[in-house]
Amino acid sequence: QVQLVESGGGLVQAGGSLRLSCAASGSIFSFNAMGWYRQAPGKQRELVASITRGGNTRYADSVKGRFTISRDNAENTVYLQMNSLKPEDTAVYYCNADSFSVDYWGQGTQVTGSS
């Protein structure tokens, strides 16, 4: 079984920065892609950023230029660097790993950008 362990969430002032971490129980190259989703109260879960096994990245329009997804292969960890945080970034952020046939999810971590 695969486990994704998230950390780094918290409360930050608007304009501040935060880095989320997602540590996988195995090699991240076991997955086609990994990414970060977020879900605000009353809203559907949305893709924030993703990175493929080949290193290609994509971002939601709302976070382009502010968020950066990266990985540390030796640590089997993906990161989401969040800069210039806004109150509208407030949500529960989930780590996702996409395998060939199964998706895995972390438990979620709360991110709050206060005004």
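Let me begin by describing the structure that accompanies this report. Just so you know, these numbers come straight off a predicted model, no measurement behind them.

This part is about the overall build of the protein. Looking only at helices and strands, one finds 0 helices and 11 strands in the protein. Reading the protein from its N end, one meets helices and strands in the order β-β-β-β-β-β-β-β-β-β-β. Over its C-alpha trace the protein gives a radius of gyration of 13 Å, about what one expects of a compact globule, namely 13 Å for 115 residues. For the protein, the spread of C-alpha atoms along the three principal axes comes to 40 × 25 × 25 Å. In the protein, the proportion of contacts linking residues at least 24 apart, taken out of those at least 6 apart, comes to 51%. Of the roughly 6200 Å² of accessible surface on the protein, a fraction of 45% belongs to carbon and sulfur atoms. Charge-centre separation for the protein: the mean point of 10 positive side chains lies 4 Å from the mean point of 9 negative side chains.

Taken as a whole, this structure holds 1 disulfide when the rule is applied. Here Cys 22 is linked by a disulfide to Cys 95, with a sulfur-sulfur distance of 2.0 Å. Disulfide Cys 22 to Cys 95: torsion about the S-S bond roughly -80°, handedness left-handed. Remark: Cys 95 occurs in strand S9 (residues 91-98) and Cys 22 occurs in strand S3 (residues 18-24); sequence separation between them is 73 residues. The exposure classification of Cys 22 matches that of Cys 95, with both residues buried.

The next thing to look at is the pairing of strand S5 (residues 46-52). Here strand S4 (residues 33-39) runs beside S5; their pairing, made up of 6 bridges, is antiparallel. Within the sheet, the bridge partner assigned to Tyr 37 lies in S5 and is Leu 47. If you look at the hairpin formed by S4 and S5, you'll find 6 residues sitting between the two strands, and Gly 42 has a positive phi there, around 75°. Pairing geometry for S5 and strand S6 (residues 57-59), over 3 bridges, is antiparallel. Looking across to S6, one finds that Ile 51 is bridged to Thr 57.

Rules of the game
- Residues numbered from 1 in each chain as written.
- Predicted model: local features only at pLDDT ≥ 70, side-chain atom pairs only at ≥ 80, totals over all residues.
- Heavy atoms only, no water.
- Helix = DSSP H or I, 4+ residues; strand = E, 2+ residues; numbered from the N terminus.
- Rg over C-alpha atoms; globule rule 2.2 N^0.38 Å.
- Contact = heavy atoms within 4.5 Å.
- Areas by Shrake-Rupley, 256 points an atom, 1.4 Å probe, with all protein chains shown as cover.
- Lys, Arg positive; Asp, Glu negative; His and termini not counted.
- Charge placed at Lys NZ, Arg CZ, Asp CG, Glu CD.
- Disulfide = S-S within 2.5 Å.
- Buried < 20%, exposed > 50% of the residue type's maximum accessible area, 1.4 Å probe, protein only.
- Pairing = 2+ DSSP bridges.

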